[in-house]
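Residues per chain, in single letters:
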Amino acid sequence: MPGRTCLGLEIRQQGLRAVAVQRRGKNIVLVGGQTLSLAETVLQPGFREPNISQPDLFIDAVKELMSPLVKRDTRIAVALPDRSGQLFLLDIETPFKNRAEGVEIVRWRLKDLLPDKSTSQVALDFQVLEEKESGQKRILAAVMTQDVLSQYESLLDQAGYAASVVDFHSLALYNAYRTKIDLGRDFIMIGADGCQFSILIFVNRILSFCRVRQISQDPRQVFQEINRSLVNYRNEQPAFSRQSVYLHSDWQDREELFVAVNAAFDQDVQWLVSPVSKLMNGHQPAFTGAEANGMAAALGVAERMIQR
């Protein structure tokens, strides 16, 4: 018997992507998928102010995209543009007994990192990535201003959907691959979806570096951004040149991008095959290669609902 249908929605400036998945035994099955373009005036990702300038158009787009996928449950998992919030890697030495204490400690640590916004005005979540024998914790903190998060949640609610999971594009993208491909212990994951660019570096399978940017679809800019972002990290990590490098992209013309990324590293870069393509397995729904690649983050966030 198929389990409940889990819906994943990725929101980006250029458009919306959605998937519906079910768990059947030990397998995840793709049962539907949709894409829809947005006019660039509808949404402008940013940290400080509400992102959606034309709410009615956004609500209509969500309804049009999601309605063919919905059975009964209107709870959805949402991947937002990385620029709608911020991610921080923190080393916390202060012990905490529960999650509420942890939130307050992380909030205190962030007060100097968010100088233009009081930490009382931000929504905050965190994940403990590693705890050392000394008690020090490596934490990934995700932050959004309350105004930005509230607007997304309110407009989705007006469209008829409740956001039960909220994540960022780069993390949802990684989640789509991590359960399906053995990426190794030490690796670098480069993502170029539309104008969203990300670098995630893992050491012993623990996130040690995260950088996200908005770029044009220009391979030369990707090359420059990689070198600019990693100039210090290369010098600080002696094992850098031995880390595997993976590349994900939904660009139509990917050859020049691959050449540019390959030139930025001393080791060979490996293309990632979209897990959406693997889940299709010759069955409906069928998508082109670029479409399947572009739906990876929606799949990754949908699977977070299954994993809960």
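As the structure is a prediction and not an experimental result, all values here were calculated from the model. (Residues numbered from 1 in each chain as written. Predicted model: local features only at pLDDT ≥ 70, side-chain atom pairs only at ≥ 80, totals over all residues. Heavy atoms only, no water.)

1. Structural notes on the overall build of the protein chain
Link 1 in the chain: Counting its secondary structure elements, the protein chain contains nine helices and 13 strands.
Link 2 in the chain: For a compact globule of 308 residues, the expected C-alpha radius of gyration is about 19 Å, and the protein chain comes in at 19 Å, within 12% of that figure.
Link 3 in the chain: Overall size of the protein chain, expressed as C-alpha extent along the three principal axes, is 50 × 45 × 40 Å.
Link 4 in the chain: With 308 residues in all, the protein chain has 51% of them scored as buried.
Link 5 in the chain: Intrachain contacts of the protein chain at a sequence separation of at least 6 include 65% that bridge at least 24 residues.
Link 6 in the chain: Here the protein chain displays about 14,900 Å² of accessible surface, and carbon together with sulfur accounts for 45% of that area. (Helix = DSSP H or I, 4+ residues; strand = E, 2+ residues; numbered from the N terminus. Rg over C-alpha atoms; globule rule 2.2 N^0.38 Å. Buried < 20%, exposed > 50% of the residue type's maximum accessible area, 1.4 Å probe, protein only. Contact = heavy atoms within 4.5 Å. Areas by Shrake-Rupley, 256 points an atom, 1.4 Å probe, with all protein chains shown as cover.)

2. With respect to the confidence of the model for the protein chain
Link 1 in the chain: On average, residues of the protein chain carry a pLDDT of 91, and 95% of them reach 70 or more.
Link 2 in the chain: Helix α7 (residues 275–280) is the least confidently modelled element of the protein chain, averaging 82 in pLDDT, while helix α1 (residues 55–66) averages 98, the highest of any element. (pLDDT = per-residue confidence, 0-100.)

3. Focus on the packing of aromatic side chains
Both the distance between ring centres and the angle between the ring planes are used here to describe each pair of aromatic rings.
Link 1 in the chain: Throughout the structure, instances matching the rule amount to nine aromatic pairs.
Link 2 in the chain: Centre to centre, the rings of Phe258 and Trp271 are 5.7 Å apart; their planes meet at 20°, and the pair counts as stacked. A residue pair is termed long-range when its members are at least 10 positions apart, and Phe258 in helix α6 (residues 255–263) and Trp271 in strand β13 (residues 269–271) qualify at 13 residues.
Link 3 in the chain: The rings of Tyr174, Phe187, Phe202 and Tyr246 are connected pair by pair, giving a single aromatic cluster.
Link 4 in the chain: Its guanidinium or amino end placed over the ring of Phe96, Lys137 lies 4.7 Å from that ring's centre, counting from NZ or CZ. (Phe/Tyr/Trp six-rings, centres within 6.5 Å; stacked < 30°, edge-to-face > 60°. Lys NZ or Arg CZ within 6 Å of the ring centre and 35° of its normal.)

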